[in-house]
Amino acid sequence: QGTKEVIAKQIRPTISEVGMSELRLTEHRRFLQGFQVEAAAYENLSAELLAANLTVPRLLHVEKPKDASNWPLTIFLEDLSLRF
C-alpha cells in the first residue's frame, strides 16, 4: 500500500486570561471549545460518514485531558492529501 501519512493537530493555548476584556475572553473560550467540538465530531460521526462513502479523514486517535478545561488536546487524523 505505500506510506501512510498522519495529520496531528495539537491545541495548546498560551493566551493569559489576565487583563482580557470579558468579550475577548468569551471569544477565546468559544474558539477553544470549537476544537473540542471538532474532536467530538470525529469521534462520533466519522464511522457513519465513511459508511456512507463520504470522503472524510479517519480518526486515528484523540488525546484529551480528563478535565475539559485543561489542555492540550491532540487529534490524529488520516492525511487525505495522498488521495487527491
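Up top you'll find the structure we're talking about.
Numbering of residues starts from 1 in every chain and runs along the sequence as written. Local features in a predicted model are, by the rule used here, given only for residues with pLDDT of at least 70; side-chain atom pairs are given and counted only at 80 or more, and totals for whole chains, interfaces and linings are based on all residues. Excluding hydrogens and water, the side-chain figures rest on all heavy atoms present in the structure.

Draft legend 1. Highlighting the side chain of S46. Helix numbering and strand numbering both begin at the N terminus, where a helix is a DSSP run of H or I of at least 4 residues and a strand a DSSP run of E of at least 2. Within the element layout of this structure, S46 appears in helix α1 (residues 22-51). Classification of S46 as buried rests on a relative accessible area of 7%. Those residues in contact with S46 that sit more than four places away from it in its chain are A41, V56, P57 and L59. Think of it in three bands: residues with accessible area under 20% of the maximum for their type are buried, residues over 50% are exposed, and the middle band is partly exposed, with areas taken using a 1.4 Å probe on protein chains only. Only heavy atoms matter for contacts: two residues are in contact if any of them lie within 4.5 Å across the pair.

Draft legend 2. Region of the structure containing the pattern of salt bridges. In the sections that follow, a salt bridge refers to a side-chain nitrogen of Lys or Arg positioned within 4 Å of a carboxyl oxygen of Asp or Glu. A full pass over the atoms with the stated rule returns four salt bridges. Note that K64 and E43 form a salt bridge whose closest N and O atoms lie 2.8 Å from each other. Of the two residues, K64 sits in the loop between β2 (59-63) and β3 (73-78) while E43 sits in helix α1, which places them 21 residues apart along the sequence. When its relative accessible area of 49% is taken as the criterion, K64 is described as partly exposed. Residue classification places E43 among the partly exposed residues on the basis of a relative accessible area of 38%. Of the charged contacts, one joins E78 and R83 as a salt bridge, the two residues approaching to 2.7 Å between their closest N and O atoms. Note on E78: relative accessible area 14%, which makes it buried. The exposure class of R83 is partly exposed, given its relative accessible area of 48%.

Draft legend 3. Seen up close, unusual backbone geometry. Notably, N53 is not glycine yet its phi reads approximately 65°, a positive angle. With respect to the secondary-structure elements, N53 resides in the loop between α1 and β2.

Draft legend 4. Region of interest: the nonpolar core. Ranked by size, the top nonpolar core spans eight residues in total: I11, L32, F35, A39, V62, L73, I75 and L77. Listed by contribution, the elements that provide at least two residues to this core are α1 and β3. Residues contacting V62, with those up to four places away along its chain left out, are A39, E43, L73 and T74. The set of buried Ala, Val, Leu, Ile, Met, Phe, Trp, Tyr and Cys residues whose side-chain atoms join them within 4.5 Å is what this entry labels a nonpolar core.

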